[in-house]
Amino acid sequence: MSAPRPLVAGNWKMNGLKAALVELAAIRDAVAAGGAGRAETAICPPFTLVAAAADACKGSALAIGAQDCHAKVSGAHTGDVSAQMLHDAGATYVIVGHSERRADHGETDAIVRAKAAAVIKAGLTAIVCVGETKDERLAGQAAAIVGGQIDGSLDPDFPATHLVVAYEPVWAIGTGLTPTAGDVAEIHAVIRQKLLKAYGPKGGAIRILYGGSVKPSNAAELMGVKNVDGALVGGASLKCADFMGIAGVYK
Ligand code: PEP
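Residues numbered from 1 in each chain as written. Predicted model: local features only at pLDDT ≥ 70, side-chain atom pairs only at ≥ 80, totals over all residues. Heavy atoms only, no water.

Undergrad: When you look at unusual backbone geometry in this model, what are you seeing that I'm missing?
TA: It is generally the case that most residues other than glycine have a negative phi and that most peptide bonds are trans. Its identity as a non-glycine residue notwithstanding, Lys13 has a phi of 50°, on the positive side. Here Lys13 lies in the loop between β1 (7-11) and α1 (21-32). (Helix = DSSP H or I, 4+ residues; strand = E, 2+ residues; numbered from the N terminus.)

Printed below as a string of structure tokens:
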């Protein structure tokens, strides 16, 4: 099976007022000008900007995603947003299980799995995040922890076509620290084996993104690692020049 088409997705986290749509339009136009080469691109702004961002990118090659959703379709869940609502707003991707949500909101693998199921049921693609903490890595448990998160967060019944996995070591997020290429290769190989076991040959086509302090200066090395099919980018996705400096690796 040929390597999957890479995906470079930006996670804006809790950043961005309406004025940030100008930066989004710059990214859209840079992608349209061929700046991301063969890579697919997506930006996941905060909920408040999803509909406007999707409108601004309608018909373009820049997809819009969200950063979380509720597992239910509708109901008495004050403050929550469903995957169906995100679909209605024009999103095509939803990040679930980001380590900041696992830490800040006590999201377990079971919750993440239920959210991913809701995303897929709504016709969207789930970007499921996994990753070990610094202590877990220092204890030599990184592969076991990530493997366990994959087992717990994914359902073998998920359609492989609507699934992306992001390996994001918690200690690398927003810190400027990154694992070595060898460490990334080891964990991505573990994830690939799990995906092949759960989904058969289709597991070979599921994109496995690396995330955690990706920037233009380290993107080529990280994206060149075996089984790395793109990036989930936080801070560096807020500026068009930085985001395109990463996506441009695929030109
Ligand atoms: C993220 O939060 O998904 C992330 C990868 O952040 P950063 O690139 O800022 O480390």
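There's more to say after this.
Undergrad: Just checking my understanding: could you explain the side chain of Asp68 for this structure?
TA: Here Asp68 shows up in the loop between β3 (62-66) and α3 (83-89). Here Asp68 falls in the buried class, since its relative accessible area comes to 6%. A polar contact is formed between the side chain of Asp68 and the side chain of Lys115, at a distance of 2.8 Å. Excluding residues within four positions of it along the chain, Asp68 makes contact with Phe47, Leu86, Val94, Ile95, Arg101, Glu107 and Lys115. (Buried < 20%, exposed > 50% of the residue type's maximum accessible area, 1.4 Å probe, protein only. Polar contact = N/O pair within 3.5 Å; in protein donor to acceptor, adjacent residues only side chain to side chain. Contact = heavy atoms within 4.5 Å.)

Undergrad: Got a minute to help me understand the site of the ligand in this structure?
TA: Near the ligand lie 14 residues; those nearest to it are Lys13, His98, Glu168, Gly174 and Ser213. Taking Lys13, its side chain carries an N or O atom lying 2.6 Å from an oxygen atom of the ligand. Here an oxygen atom of the ligand sits 2.9 Å away from a polar atom, N or O, in the main chain of Gly235. Classifying every residue of the shell around the ligand gives four nonpolar, eight polar and two charged. (Near = heavy atom within 4 Å. Nonpolar A, V, L, I, M, F, W, Y, C, P; charged D, E, K, R; others polar.)

Undergrad: Would you take a moment to explain the side chain of Asp229 for this structure?
TA: Relative to the helices and strands, Asp229 is located in the loop between α9 (216-223) and β8 (230-233). The exposure class of Asp229 is buried, given its relative accessible area of 7%. In contact with Asp229, other than residues within four places in its own chain, are Pro4, Arg5, Pro6, Leu7, Arg192, Ile206, Arg207, Ile208, Leu209 and Tyr250.

Undergrad: Looking at this model, I keep getting lost on the packing of aromatic side chains. Mind explaining?
TA: Centre-to-centre distance and the angle between the planes together describe a pair of aromatic rings. For the structure shown, the criterion picks out one aromatic pair. Sitting over the face of the ring of Trp171, Lys134 holds its NZ or CZ atom 4.6 Å from the ring centroid. (Phe/Tyr/Trp six-rings, centres within 6.5 Å; stacked < 30°, edge-to-face > 60°. Lys NZ or Arg CZ within 6 Å of the ring centre and 35° of its normal.)

Remember that the coordinates give geometry; whether it matters functionally is a separate question.
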